[in-house]
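What follows is each chain in one-letter form.
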Amino acid sequence: MSIYTASTTAPVNIATLKYWGKRDKTLNLPTNSSISVTLAQEDLRTLTSVATSESFSQDQLWLNGQPESLQGERTQHCLQDLRNLRARVEAQDSNLPRMSQWKLHIVSENNFPTAAGLASSAAGFAALVMAIAKLYQLPDSHSEISKIARKGSGSACRSLFGGYVAWEMGSESDGSDSKAVEVAPQSHWPEMKAAILVVSADRKDTPSTSGMQHTVATSDLFQERIHNVVPKRFEEMKQAIQDRDFTRFAELTMRDSNSFHATCLDSFPPIFYMNDTSRKIVKLCHQINAFYDETIVAYTFDAGPNAVLYYLQENEAKLMAFVHHVFQKNSGWETKFSQGDLEKFSDFFKTRVAPEVAFEFDEELYKGVSRVILTQVGPGPLDTTECLINKSTGYPN
Ligand SMILES: Nc1ncnc2c1ncn2[C@@H]1O[C@H](COP(=O)(O)OP(=O)(O)OP(=O)(O)O)[C@@H](O)[C@H]1O
Ligand SMILES: C[C@@](O)(CCOP(=O)(O)OP(=O)(O)O)CC(=O)O
């Protein structure tokens with residue numbers, strides 16, 4: 001019996017205007033709109049292959065080589081929605097194979113640590129939904145498909161696009177207008193780079209889903225955030241991206257990360273995602289901007305202690321003079337920079353920064369960081385010829 005397959009890759013996205021709070025938990029409908037930057041897939045991506053055949057007896061998922069349950073309510077929602085769309089296509093053409101009634105085999109690999117606060121669930125659900133949409137040859141747009149990914153994990157809807165992406169919260173109770181849209185493609189502002197400082201943490205304080213429910217239920221500050229702060233900031237940030245205004249973009253990004261973490265602290269009992277290392281990184285970024293008397297770096301933190309630093313290519317040497325000085329003992333530098341580049345950063349530090357800098361460096365800060373991931377703005381899901389499924393057996397290669 002025929003086995004049909006399809007594969008896709010999908011990126012990670014890191015929000016610059018944070019999604020935090022749901023108005024509907026089952027449909028993953030948010031209490032505010034959000035904005036993110038999609039990151040390049042050489043560094044962080046999910047590759048997912050899917051197969052279907054009349055001969056398969058059950059839906060199965062293998063994640064990073066291990067069987068994983070597909071029974072979660074959110075995953076079931078995604079699969080059901082995709083099957084419904086496929087059934088609609090089949091109803092219009094009786095020659096099409098009845099895939100909507102067959103079981104699926106899904107094989108997925110992340111090229112970075114899963115569940116380590118690096119948004120693996122966003123890339124994971126985006127790839128799963130895109131690969132099945134491709135297998136089913138669905139005619140729907142990426143925004144339509146993003147509504148299905150949203151039901152898997154809210155932030156996943158933004159990974160359906162590259163570049164600069166908004167998730168419009170919508171107002172319908174069935175979620176039909178809560179979808180991702182492109183703010184600007186990668187090519188509009190390709191100079192955006194990101195340095196991720198992976199901060200060592202034993203475990204996450206509280207999972208995002210329960211954390212945001214807790215904030216919605218207990219924080220007064222949260223009401224101020226969703227009603228008065230974010231709606232205005234959403235428009236301002238889109239404009240800053242359209243204008244390629246890094247100073248504006250950076251300030252809004254830092255303020256929004258701080259605002260989100262403030263609502264976590266205002267939850268009762270409070271939730272702590274940032275740790276001492278995270279806070280020292282915030283301080284260092286402000287010191288760097290003050291040193292140059294110009295905003296060259298923006299920090300942002302998700303539901304964990306990892307820092308994501310956004311900056312423009314043109315300011316790389318100025319920023320890395322500091323960042324490389326402090327974190328040079330961490331791994332990750334050699335993947336993107338030659339020995340010559342790294343020496344230039346050290347020289348810049350010695351000749352330009354050290355003689356003038358007016359604050360002390362915490363020489364131990366690198367100990368709170370496990371590695372550095374250097375990346376940049378990137379494209380949305382990509383077609384690939386790589387396939388993780390054996391086309392004659394329907395099982396993982
Ligand atoms: N490639 C994938 N395919 C399908 N599901 C995935 C994939 N990668 C991750 N997931 C799902 O996402 C879960 C991890 O989500 P979790 O929110 O705990 O971590 P994270 O997304 O890496 O971190 P954070 O949300 O803090 O950025 C995994 O346990 C798995 O269920
Ligand atoms: C802090 C955040 O990263 C929260 C992401 O939350 P998730 O999308 O992981 O939550 P669920 O919808 O419950 O799966 C901010 C953001 O990405 O916008």
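Now for a quick tour of the structure. (Residues numbered from 1 in each chain as written. Chains lettered and ligands numbered in written order. Predicted model: local features only at pLDDT ≥ 70, side-chain atom pairs only at ≥ 80, totals over all residues. Heavy atoms only, no water.)

1. Describing the overall build of the protein chain
Then comes step 1: Scanning the protein chain from N- to C-terminus turns up nine helices and 16 strands.
Then comes step 2: For 397 residues, the compact-globule estimate of 2.2 N^0.38 gives 21 Å, and the C-alpha radius of gyration of the protein chain, at 22 Å, lies within 12% of that figure.
Then comes step 3: Of the contacts formed within the protein chain by residues at least 6 apart in sequence, a portion of 76% connects residues at least 24 apart.
Then comes step 4: For the protein chain, the exposed surface amounts to about 17000 Å²; the carbon and sulfur share of it is 48%.
Then comes step 5: One way to put it: in the protein chain the 39 positive side-chain charges average out to a point 3 Å from where the 47 negative ones average out. (Helix = DSSP H or I, 4+ residues; strand = E, 2+ residues; numbered from the N terminus. Rg over C-alpha atoms; globule rule 2.2 N^0.38 Å. Contact = heavy atoms within 4.5 Å. Areas by Shrake-Rupley, 256 points an atom, 1.4 Å probe, with all protein chains shown as cover. Lys, Arg positive; Asp, Glu negative; His and termini not counted. Charge placed at Lys NZ, Arg CZ, Asp CG, Glu CD.)

2. Things to note about the site of ligand 1
Then comes step 1: With respect to spatial proximity, 15 residues lie near ligand 1, and among them S108, A119, S120, S121 and K204 are the closest.
Then comes step 2: Backbone polar atom of G117 to an oxygen atom of ligand 1: 3.4 Å apart, as the coordinates give it.
Then comes step 3: The contact in question runs from an oxygen atom of ligand 1 to an N or O atom on the side chain of S121, over 2.8 Å.
Then comes step 4: Within the complex, 77% of the 640 Å² of free accessible area of ligand 1 lies under protein.
Then comes step 5: Placement of ligand 1 is best described as lying within the largest pocket.
Then comes step 6: At the level of secondary structure, the elements contributing two or more residues to the shell around ligand 1 comprise strand 9 (103-110) and helix 2 (120-135).
Then comes step 7: For the shell around ligand 1, the leading source of residues is helix 2, giving three residues.
Then comes step 8: Looking at the shell around ligand 1, its residues break down into five nonpolar, eight polar and two charged. (Near = heavy atom within 4 Å. Polar contact = N/O pair within 3.5 Å; in protein donor to acceptor, adjacent residues only side chain to side chain. 1 Å grid on protein atoms, 1.4 Å probe; cavity = no way out; pocket = protein on both sides within 12 Å on 5 of 7 lines; lining within 4 Å. Sits in = over half its atoms within 2 Å of the grid points. Nonpolar A, V, L, I, M, F, W, Y, C, P; charged D, E, K, R; others polar.)

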